[in-house]
Amino acid sequence: MSEEIKKEQTEAAAPEAEAAPKKEKKTKKNAEVEKLKAELEQKNDLLLRTAAEFDNYKKRTEKEKITTAEYAKAQVMKTLLPILDNADRAKEFEQGTEQFNKGIEMIVKQLSDLSSKLGLTEIGAVGEQFDPNLHEAIMHIEDEALCENVIAQVLQKGYKFGDTVVRPAMVQVAN
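Residues numbered from 1 in each chain as written. Predicted model: local features only at pLDDT ≥ 70, side-chain atom pairs only at ≥ 80, totals over all residues. Heavy atoms only, no water.

J.: An account of the environment of glutamine 156 is needed here, citing residue identities and associated values.
T.: On the secondary structure map, glutamine 156 appears in strand β3 (residues 150-156). Along the backbone, glutamine 156 and valine 171 are 15 residues apart, and their C-alpha atoms lie at a distance of 7.0 Å. (Helix = DSSP H or I, 4+ residues; strand = E, 2+ residues; numbered from the N terminus.)

J.: Account for the sheet that holds strand β1 (residues 120-123), with residues named and values stated.
T.: Ordered by their spatial adjacency, three strands build an open sheet running β1-β4-β5, and the pairing between neighbours is antiparallel. The open sheet is flanked by β1 and β5 (164-167), the only strands paired with a single partner. Averaged over all neighbouring strand pairs, the angle between strand axes comes to 35°, with direction disregarded. In this structure, strand β4 (residues 158-161) lies alongside β5, joined through three bridges in antiparallel fashion. Counterpart to lysine 160 in the pairing with β5 is valine 165. (Pairing = 2+ DSSP bridges. Axes fitted to C-alpha atoms, helices over the stretch in contact; angles between N-to-C directions.)

J.: Lay out the pairing of strand β6 (residues 169-174) in plain terms, naming residues and giving numbers.
T.: For a regular strand, the rule is simple: side chains alternate between the two faces of the sheet. Where burial is concerned, most of β6 is hidden: five out of the six residues are buried. Both strand β2 (residues 135-141) and β6 contribute to a ladder of six bridges, which runs parallel. Residue methionine 139 lies in a different strand from β6, and its bridge partner there is glutamine 172. Pairing of β3 with β6, which is carried by five bridges, proceeds in the antiparallel orientation. (Buried < 20%, exposed > 50% of the residue type's maximum accessible area, 1.4 Å probe, protein only.)

J.: Can you tell me about the pattern of salt bridges, naming the residues and giving the values?
T.: Applying the stated criterion to the full structure yields seven salt bridges. A salt bridge links aspartate 85 to arginine 167; the nearest nitrogen and oxygen atoms lie 2.7 Å apart. Remark: arginine 167 occurs in strand β5 and aspartate 85 occurs in helix α1 (residues 2-93); sequence separation between them is 82 residues. Residue lysine 157 is joined to glutamate 122 by a salt bridge in which the shortest nitrogen-to-oxygen separation is 3.6 Å. Here lysine 157 is found in the loop between β3 and β4, whereas its partner glutamate 122 is found in strand β1, with 35 residues between them in sequence. On the accessibility criterion, lysine 157 (29% relative accessible area) is partly exposed. Where salt bridges share partners, they join Asp88, Glu122 and Lys157 into one cluster. (Salt bridge = Lys/Arg side-chain N within 4 Å of Asp/Glu carboxyl O.)

Written out as structure tokens, the structure reads:
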């Protein structure tokens, strides 16, 4: 009988012995699968971050391109301002024939239209509130008729291109 018990125990132990390597294999496979999943997740995260970084780079360079173009336009406008000023002065002078004066007026109108079309806007007008970001106070006067910090006279027109002040207006301010 003892042989039968030993035989039964041996037969019962055999499936357990076979199950142990299978469990070990499953555990190794599960560990490898988990490791691969973690690696895949890490690579996906890296890919998403890289894509987002590239998208931000594209947006930033596009914004820089626009800013650079606006700055270049503003510099060109700045070089044209003395011509516009001189044309205005010639218009005010009005000494010459009627045709000559009309020609000067047409030139001034064309220059004004061109500057407006390109986005150049005039800043500083009599009666506006003084703003040190837009105006340059050259003189101060005492005038009871005007409120404090109001532009009394524009000595030189100022211009703005978009949000950029190309040239501040030179003004006389009432105290």
